[in-house]
Amino acid sequence: MKVKKMKKTMIAKCACIISLSAFTLTSAMAGAKTVSDSVIAEQRVALEKNTNGKGFGPQSPRDIDQGYGTNLRSFGTAPSRSDLNLCNIHFHKNAEHKGGEFTSFAGNGDGKGHHTGYIYDGKLSAAQLKPVNSNICSAKGDSLNVGDTLEVHFVYSSAQVTPGPTLGACLAESTMNPGLRVEGQVIVLANDKNALNFSQLADIEKVNGYYQAPNIPTNMGVPVEYLGSTTGPSYNEKASPLQVSWSVRPNVAMVDINSVGKWCNDNVFKEDHAHAVRNLVQNPKLLSPISL
């Protein structure tokens, strides 16, 4: 009788735990709000309304595998990054651009740039997907996890500036219209000490008088270069007025997630979280032509 009673008690406890786990999972899924297609469509309509005929230049992000665009606002391509000052490094959760090895859509997200964008099309091994025991870059939201895709932006400016927090570090009172260049590299996070170390990737050195990130990968495919703008979800319904020369690599680099966490804890840019993403710009009127 005692054995049967113990079994019944254990079964009841297990059922309770399973029920609690199911409730927690359901609550988490409910908390991750996903807006309908109509919400994104309305944002695109608002972007069209707020930009049409108002002289805004080509926008970003975009599909780097398609070159069609009809925006007539042209500006000079910024010099090579070797002749510019690195002014900021930051990253977005999921790729803002689409193309190359990152074409899988993460979904509409919350309509404010979270849980949307594009993710790595490839797969990691079971060992590389082993969860880590610490929170990674979670200062302003959810912790980053193994398997996550990030788009890293290495921002360069023609102004006489030094590396620092936000895009404000790329501007100077002495230069009202600096040439801006962004080197884009999409990465996937792995629990793998043999993967790239993010601190090395984001290392800063002064080379020939210019601040540089000399370890940006050079084996990630031929970069797609185009004229665009700054990004971020604040521009989902309006255009960015800043002109940027983009260089986006089509291949994804594998990076050790633990090294990303260490970088978030200590870097000159005061970056401690992943930024949200802007809707992919699809309107040809807001895209520059690319020679692919």
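Everything numeric in this text was worked out from a predicted model, so none of it was measured. Every residue gets a number counted from 1 within its own chain, in the order that chain's sequence is written. Local features are withheld for residues below a pLDDT of 70 in this predicted model, meaning they are given only at 70 or higher, and side-chain atom pairs are given and counted only at 80 or more; totals for whole chains, interfaces and linings count all residues. Where side-chain values are given, they derive from all heavy atoms of the structure, hydrogens and water being excluded.

Right, let's get into the nonpolar core. Where a protein is soluble and globular, its nonpolar side chains tend to be buried together. The criterion is simple. A nonpolar core is a set of buried Ala, Val, Leu, Ile, Met, Phe, Trp, Tyr and Cys residues joined through side-chain atoms within 4.5 Å. Accessible area is worked out with a 1.4 Å probe on protein chains only. A residue is then buried under 20% of its type maximum, exposed over 50%, and partly exposed in between. One finds Phe91, Leu144, Phe154 and Phe198 to be the most contacted residues of the largest nonpolar core, which totals 29 residues. A helix here means a DSSP run of H or I that spans at least four residues, while a strand means a run of E at least two residues long, and both kinds are numbered starting from the N terminus. At the level of elements, strand 1 (85-93), strand 4 (149-157), strand 5 (180-190), helix 3 (198-201), strand 10 (253-256) and helix 4 (257-265) are the ones that each hand at least two residues to this core. Residue contacts follow a heavy-atom distance rule, with two residues in contact if any of their heavy atoms lie within 4.5 Å. Contact partners of Phe198, with chain neighbours within four places excluded, come to Phe91, Val152, Ile187, Val255, Ser259, Val260 and Trp263.

This next bit is on unusual backbone geometry. In the segment running from Ser60 into Pro61, the intervening peptide bond is cis, with an omega of 5°. Within the element layout of this structure, Pro61 appears in the loop between helix 2 (37-51) and strand 1.

As a further point, take the packing of aromatic side chains. Pairing of aromatic side chains requires ring centres within 6.5 Å, counting the rings of Phe and Tyr and the six-membered ring of Trp. Pairs whose planes differ by under 30 degrees are stacked, by over 60 edge-to-face, and all others tilted. All chains considered together, the criterion is met by six aromatic pairs. Seen in terms of ring centroids, Phe91 and Trp263 are 6.0 Å apart; in terms of plane orientation they differ by 40°. Their pairing is tilted. Of this pair, Phe91 sits in strand 1 while Trp263 sits in helix 4, placing them 172 residues apart in sequence. With 6.3 Å between their ring centres and 10° between their planes, Tyr226 and Trp246 make a pair best called stacked. Of the two residues, Tyr226 sits in strand 8 (residues 224-229) while Trp246 sits in strand 9 (residues 243-248), which places them 20 residues apart along the sequence. A single burial state applies to Tyr226 and to Trp246, both of which are buried. Linked through ring pairs, Phe91, Phe198, Trp263 and Phe269 together constitute an aromatic cluster. Only lysine NZ and arginine CZ atoms are considered, and such an atom sits over a ring when it is within 6 Å of the ring centre and within 35 degrees of the ring normal. A cation sits over an aromatic face here: Arg62 above Tyr226, 5.3 Å from the ring centre.

Here, the term disulfide refers to a pair of cysteine sulfur atoms separated by no more than 2.5 Å. Applying the stated criterion across every chain, the model contains two disulfides. In this model Cys87 forms its disulfide with Cys170; the gap between the sulfur atoms is 2.1 Å. Taking the torsion about the S-S bond as the criterion, the Cys87 to Cys170 disulfide, at about 90°, is right-handed. Of the two residues, Cys87 sits in strand 1 while Cys170 sits in the loop between strand 4 and strand 5, which places them 83 residues apart along the sequence. For the pair shown, Cys87 and Cys170 are each scored as buried. Bridging Cys137 to Cys264, the disulfide has an S-S length of 2.1 Å.

Looking now at helix 2. For a helix, the expected span equals 1.5 Å multiplied by the number of residues minus one. The terminal C-alpha atoms of helix 2, which comprises 15 residues, lie 21 Å apart, in line with the 21 Å expected from a rise of 1.5 Å per residue. Along helix 2, the residues that are buried comprise Ile40, Gln43, Ala46, Leu47 and Thr51. Buried positions in helix 2, seen along its axis, are confined to an arc of 115° and lie on one side of it. Opposite the packed face of helix 2, turned more than 90 degrees from it, sit the exposed residues Asp37, Glu42, Val45 and Lys49. Of all possible arcs, the one meant is that of the directions from the helix axis to the C-beta atoms.

Across the six residues of strand 9, five count as buried, placing the element largely inside the fold. When strand 5 meets strand 9, the two strands line up parallel, connected through five bridges. Its bridge partner lying in strand 9, Val182 is registered against Trp246. Between any two strands, pairing holds if DSSP finds at least two bridges. Sheet analysis places strand 8 next to strand 9, joined by six bridges and oriented antiparallel. Paired with Leu227 across the two strands is Ser245, which belongs to strand 9.

Now for the pattern of salt bridges. A side-chain nitrogen of Lys or Arg and a carboxyl oxygen of Asp or Glu constitute a salt bridge if their distance falls within 4 Å. On inspection of all chains with the given rule, the structure shows five salt bridges. Note that Glu183 and Arg249 form a salt bridge whose closest N and O atoms lie 2.7 Å from each other. Linking Glu183 in strand 5 with Arg249 in the loop between strand 9 and strand 10, this pair joins segments that are 66 residues apart in sequence. Each of the two residues, Glu183 as well as Arg249, counts as buried. The network of salt bridges with shared partners includes Arg81, Arg181, Glu183 and Arg249.

On to helix 4. What helix 4 keeps buried is the set Ile257, Ser259, Val260, Gly261, Trp263 and Cys264. Each element contacted by the buried residues of helix 4 is listed here: strand 1, strand 5, helix 3 and strand 10.

This brings us to the confidence of the model for the protein chain. What pLDDT reports is the predictor's confidence in each residue, on a scale of 0 through 100. Confidence along the protein chain averages 90 in pLDDT terms, with 89% of residues attaining 70 or more. Confidence over residues 1-31 falls short of pLDDT 50; this stretch has zero contacts with residues more than four positions distant or in other chains.

With that settled, consider the pairing of strand 5. Buried residues dominate strand 5, accounting for 11 of its 11 residues. Burial along strand 5 is two-sided: the face carrying Leu180, Val182, Gly184, Val186, Val188 and Ala190 and the face carrying Arg181, Glu183, Gln185, Ile187 and Leu189 are both buried. Where strand 4 and strand 5 come together, nine bridges link them in antiparallel fashion. Opposite Ser157, over in strand 5, you have Leu180 as the bridge partner. Where strand 5 and strand 10 come together, four bridges link them in parallel fashion. Within strand 10, the residue paired with Leu189 across the bridge is Val255.

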